[in-house]
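Notes for the structure review
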Amino acid sequence: MTIRVVVADDQELVRSGFAMILDAQPDIEVVAEVGDGAAAVAAVRMLAPDVALLDIRMPVLDGIEACRAIAAGGGCRTVMLTTFDSDAYVYEALHAGASGFLLKDVRRDDLVHAVRVVAAGDSLLAPSVARRLIEEYTAATGRPAPSPDRLETLEVLTARERETLLHLGRGLSNAEIAVALVVSEHTVKSHVGNVLAKLGLRDRIQAVICAYETGLIAAGATPAAAAGGRSGVSPSGVSPSGE
């Protein structure tokens, strides 16, 4: 099956470069290249692609609002293009329904992999993006740190499921969580599924938000401190959330 993609970025060279890379793949077809968020929404509604690749900052309609409009329509999943040093809007994009994030200097293979992962129904989040962007959002906006008493939201989870959510919040892949909990990846998949179902979360990206908003992970906390000093495993590399 061919994955149909809309690429939206107001920088023509970036947009064209991404489109060329994706179009060169036998299983991916770029059906539209557009330069603003409103055009992206219109293209999605007209062409019904599987994935929309959206720059967060675009004229007419920014990527966040475009993402929200696309998510409301259903059927098309969105991947946001961002940079560490300029975007304080990632938190809003998460809530708007983004299924993944890529840095604009993403490698060719990682771009292709991300589109395939998201098209398959999974979400994609680099561990470094998960932690740093949410923490930078908190610092930049003055958003108060989550209060520990909001942990009441997590009472429906077992102790092991809560540990799993903690590691999801840190951006770990299933393989890394399995090492941290000393269990099989199959068991981790079961825990992740239970966490998402019990808390009514759409995907692992929403689990990251939940881990911060409930106070399970305090913004700026080290992984060891957040885990009560029991885990020394640290996230590394770019891990697709479906792994």
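Here, every reference points to the structure presented above.
Let me begin by describing the structure that accompanies this report. (Residues numbered from 1 in each chain as written. Predicted model: local features only at pLDDT ≥ 70, side-chain atom pairs only at ≥ 80, totals over all residues. Heavy atoms only, no water.)

1. Quick look at the packing of helix α8 (residues 174-181) against helix α9 (residues 185-199)
As a packed pair, α8 and α9 sit with axes 9 Å apart at the nearest point and diverge in direction by 105 degrees. Relative to α9, the element α8 is oriented roughly perpendicular. Judged by residue contacts, N174, A175, I177 and A178 of α8 engage E185, V188, K189 and V192 from α9. When its residues are assigned to classes, the contact of α8 with α9 shows 5 nonpolar, 1 polar and 2 charged. (Axes fitted to C-alpha atoms, helices over the stretch in contact; angles between N-to-C directions. Helix = DSSP H or I, 4+ residues; strand = E, 2+ residues; numbered from the N terminus. Parallel < 35°, antiparallel > 145°, perpendicular 65-115°, else oblique. Contact = heavy atoms within 4.5 Å. Nonpolar A, V, L, I, M, F, W, Y, C, P; charged D, E, K, R; others polar.)

2. Observations regarding the sheet that holds strand β4 (residues 77-82)
An order of β2-β1-β3-β4-β5 is seen for the 5 strands of this open sheet, with the pairing classed as parallel. Among the strands making up the open sheet, the edge pair consists of β2 (28-34) and β5 (100-103). Averaged over all pairs of adjacent strands, the angle between their axes in this sheet comes to 25 degrees, without regard to strand direction. When strand β1 (residues 3-8) meets strand β3 (residues 51-55), the two strands line up parallel, connected through 4 bridges. In the sheet register, A8 faces β3, and the bridge partner there is L54. Sheet strands in contact with helix α1 (residues 12-23) are β1, β2, β3 and β4, and its direction is about 165 degrees off that of β2. (Pairing = 2+ DSSP bridges.)

3. Description of the environment of I209
Inspection of the secondary structure puts I209 in helix α10 (residues 204-213). Along the sequence, I209 and L168 sit 41 residues apart, while their C-alpha atoms lie 9.8 Å from each other.

4. Let's talk about α8
Every α-helix winds through 3.6 residues per turn, so residues three or four apart in the chain are directed the same way. Residues N174, E176, I177, A178 and L181 constitute the buried set of α8. Residues of α8 that are buried make contact with α7 (159-169), α9 and α10. Where α8 ends, the next residue or the one after it, V182, has phi of about 55 degrees, a positive value. (Buried < 20%, exposed > 50% of the residue type's maximum accessible area, 1.4 Å probe, protein only.)

5. Comments concerning the nonpolar core
Across soluble globular proteins, nonpolar side chains have a tendency to be buried as a group. Counting 25 residues, the largest nonpolar core has L54, I70, M80 and F101 as the members making the most contacts within it. Of all elements in the fold, only β1, β2, α2 (37-47), β3, α3 (63-73), α4 (90-96) and α10 reach the threshold of two or more residues within this core. Those residues in contact with L54 that sit more than four places away from it in its chain are A8, A40, G63, A66, C67, I70, T78, V79, M80 and L81. (Core = buried A, V, L, I, M, F, W, Y, C linked by side-chain atoms within 4.5 Å.)

6. Digging into the packing of α7 against α8
At a minimum axis separation of 10 Å, α7 and α8 run at an interaxial angle of 130 degrees. Considering their axes alone, α7 and α8 lie oblique with respect to each other. Along this stretch, α7 crosses α8, giving a crossing that reads as right-handed. Across the interface between the two elements, R160, E163, T164, H167 and L168 of α7 pack against I177, A180 and L181 of α8. Class assignment for the residues of the contact of α7 with α8 results in 4 nonpolar, 2 polar and 2 charged. (Left-handed = near helix turned anticlockwise from the far one by under 90°.)

7. Some thoughts on the pairing of β3
Taking burial as the measure, the 5 residues of β3 include 5 buried ones, the bulk of the element. Because side chains alternate across β3, one face comprises the buried residues V51, L53 and D55, and the other comprises A52 and L54, equally buried. Summarising the sheet, β3 and β4 pair through 5 bridges and their orientation is parallel. If you follow L53 over to β4, its bridge partner there is V79. This β-α-β element, β3 to α3 to β4, shows right-handed connectivity. (Right-handed = clockwise from strand over helix to strand, strands pointing away.)

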